[in-house]
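Residue-level listing of the chains:
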Amino acid sequence: EVQLLESGGGLVQPGGSLRLSCAASGFTYSTYAMDWVRQAPGKGLEWVSSITSSGDTTYYSDSVKGRFTISRDNSENTLYLQMSSLRAEDTAVYYCAKDPGFYSMDVWGQGTTVIVSS
Amino acid sequence: QSALTQPPSASGSPGQSVTISCAGTSSDVGGYNYVSWYQQHPGKAPRLMIYGVNKRPSGVPDRFSGSKSGNTASLTVSGLQAEDEADYYCSSYAVSARKVFGGGTKLTVL
C-alpha cells in the first residue's frame with residue numbers, strides 16, 4: 001500500500017524550531033519529487049516547499065523562505081522539513097505529498113499538527 | 001505568490017451539475033497545462049481528483065471533469081451525490097513559485 005506518514009509536530013514557542021519527518025512506503029520513493037503543504041485552522045491549503053527526486057533542487061514559498069529547509073534521505077525513504085524562527089502564523093496541519101508529475105500531488109499523509117504559541 | 005481565485009461556495013441538488021472556477025494569470029493557470037483539483041472532506045487529507053487540467057487519476061468517478069479557458073480553469077461535477085459535499089481546491093504550477101493553491105470552494109449538496 002502506498003503510504004506517507006508524518007511525525008514531529010507539536011507545541012513550540014515563537015522563535016523556536018521543529019523538524020517534521022515523512023516516512024514513505026509502497027512506492028519507489030527516490031524517483032518522485034515531494035512536497036510539504038500546510039493548512040492553518042479553518043483556512044485553505046498553502047503550498048510550503050518542494051524538493052526534486054534527487055534532492056538537488058528545492059523550492060520554497062515566500063512565507064517560509066529563509067526559515068524552513070526541506071530535505072530528503074532516499075536511503076531511508078524519508079522526507080524532512082526543518083522549521084526555525086517559528087511564528088504564530090506557522091500554526092497549521094502540515095501534510096507531505098508525493099508529486100507524480102504534472103505538478104500535482106497524488107498521495108498525501110494524514111498530517112501532523114504544529115502549534116506555535118507561548 | 002498570489003493565490004488563485006475560487007468562489008467561496010457552490011451548491012447543487014442531487015443529480016444536478018455544478019461547476020467551480022479557478023482564476024489565475026498567464027504566469028500560472030493560463031500559461032501551463034498543470035492545473036490540479038483536490039477534494040477535502042472535514043478532518044481528512046486532500047484527495048487528487050484532476051491533474052493536467054483534465055486527467056482523472058484511477059479511481060476517481062468520471063462524474064468529475066476539468067477544463068481550462070484562458071487564465072481560468074474549471075471543475076465540473078455531474079450527477080451530484082451526497083458524498084460530493086466537500087471543500088475543493090485548485091492548484092497550478094506558477095512561475096513565481098513551484099505551486100500555488102486557490103482559496104477553496106465549499107460545495108454543498110442541497
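The structure this text deals with has already been given above.
The following refers to the structure shown. Quantities reported herein were computed from a predicted structural model and do not represent experimental measurements.

### A few points about the interface of chain A and chain B
Link 1 in the chain: Facing the 23 residues of chain A at the interface are 22 residues of chain B.
Link 2 in the chain: Between chain A and chain B the total buried area reaches about 2000 Å² when both faces are included, carbon and sulfur atoms providing 64% of it.
Link 3 in the chain: Among the residues chain A hides against chain B, the three largest losses belong to Leu45, Phe102 and Tyr103 of chain A. Together they make up 41% of the total.
Link 4 in the chain: Where chain A touches chain B, the interface holds two salt bridges.

### A closer look at the state of the cysteines
Disulfides are covalent bonds that connect the sulfur atoms of two cysteines.
Link 1 in the chain: Scanning all chains against the criterion turns up two disulfides over all chains.
Link 2 in the chain: Paired by a disulfide, Cys22 of chain A and Cys96 of chain A hold their sulfur atoms 2.0 Å apart. When the S-S torsion is 65 degrees, as for the bridge of Cys22 of chain A with Cys96 of chain A, the disulfide is right-handed. Of this pair, Cys22 of chain A sits in strand 3 (residues 18-25) while Cys96 of chain A is found in strand 9 (residues 92-99), placing the two residues 74 residues apart along the sequence.
Link 3 in the chain: Each sulfur in the disulfide pair Cys22 of chain B and Cys90 of chain B lies 2.0 Å from the other. Linking Cys22 of chain B and Cys90 of chain B, the disulfide has an S-S dihedral of approximately 75 degrees and is accordingly described as right-handed. Here the residue Cys22 of chain B occupies a position in strand 2 (residues 18-23), and Cys90 of chain B occupies one in strand 7 (residues 86-94), the gap between them amounting to 68 residues. For the pair Cys22 of chain B and Cys90 of chain B, one class covers both residues: buried.

### Here's the deal with the nonpolar core
Link 1 in the chain: Judged by nonpolar contacts, the single largest core of 26 residues is most densely connected at Leu4, Trp36, Phe68, Leu79, Leu81, Met83 and Tyr94 of chain A.
Link 2 in the chain: Within the residue set of this core, elements represented by two or more residues are strand 3, strand 4 (33-39), strand 5 (45-51), strand 7 (68-73), strand 8 (78-83), strand 9 and strand 11 (112-116) of chain A.
Link 3 in the chain: Among the elements that take part in this core, strand 3 of chain A stands out by supplying four residues, more than any other.
Link 4 in the chain: Once residues lying within four places of it in the same chain are set aside, the contact partners of Leu81 of chain A are Leu18, Arg19, Leu20, Trp36, Val48, Phe68, Thr69, Ile70 and Tyr94 of chain A.
Link 5 in the chain: Counting 24 residues, the second-largest nonpolar core is a separate cluster that includes Ala10, Leu80, Tyr88 and Ala94 of chain B.

### Overview of the sheet that holds strand 5 (residues 64-69) of chain B
All names here are of chain B.
Link 1 in the chain: Taken in spatial order, the three strands of this open sheet run 2-6-5, and their pairing is antiparallel. Strand pairing shows two members of the sheet lacking a second neighbour, strand 2 and strand 5, which therefore form its edges. In this sheet, adjacent strand axes meet at a mean angle of 20 degrees when their direction is disregarded.
Link 2 in the chain: As judged from the six bridges shared by strand 2 and strand 6 (residues 72-77), these two strands associate in the antiparallel manner.

### Concerning the sheet that holds strand 7 of chain A
The pairing of strands in a sheet comes from backbone hydrogen bonds and takes either a parallel or an antiparallel form.
Residues and elements named next belong to chain A.
Link 1 in the chain: If you walk across this open sheet you meet the four strands as 1-3-8-7, and the pairing is antiparallel. Sheet topology places strand 1 (3-7) and strand 7 at the edges, where each strand pairs with a single neighbour. If you compare each strand with its neighbour and ignore which way they point, the axes differ by 15 degrees on average.
Link 2 in the chain: Sheet topology places strand 7 next to strand 8; six bridges connect them, and they run antiparallel. Bridging from a neighbouring strand, Ile70 pairs with Leu81 of strand 8.

### Points about the side chain of Asp84 of chain B
Link 1 in the chain: Inspection of the secondary structure puts Asp84 of chain B in the loop between strand 6 and strand 7.
Link 2 in the chain: Residues within four places of Asp84 of chain B in sequence aside, it is in contact with Gln39, Arg63, Phe64, Val77, Gly79, Leu107 and Val109 of chain B.

Cut-offs used in this document
Residues numbered from 1 in each chain as written. Chains lettered and ligands numbered in written order. Predicted model: local features only at pLDDT ≥ 70, side-chain atom pairs only at ≥ 80, totals over all residues. Heavy atoms only, no water. Contact = heavy atoms within 4.5 Å. Buried area = accessible area lost by both parts, 1.4 Å probe. Salt bridge = Lys/Arg side-chain N within 4 Å of Asp/Glu carboxyl O. Disulfide = S-S within 2.5 Å. Helix = DSSP H or I, 4+ residues; strand = E, 2+ residues; numbered from the N terminus. Buried < 20%, exposed > 50% of the residue type's maximum accessible area, 1.4 Å probe, protein only. Core = buried A, V, L, I, M, F, W, Y, C linked by side-chain atoms within 4.5 Å. Pairing = 2+ DSSP bridges. Axes fitted to C-alpha atoms, helices over the stretch in contact; angles between N-to-C directions.

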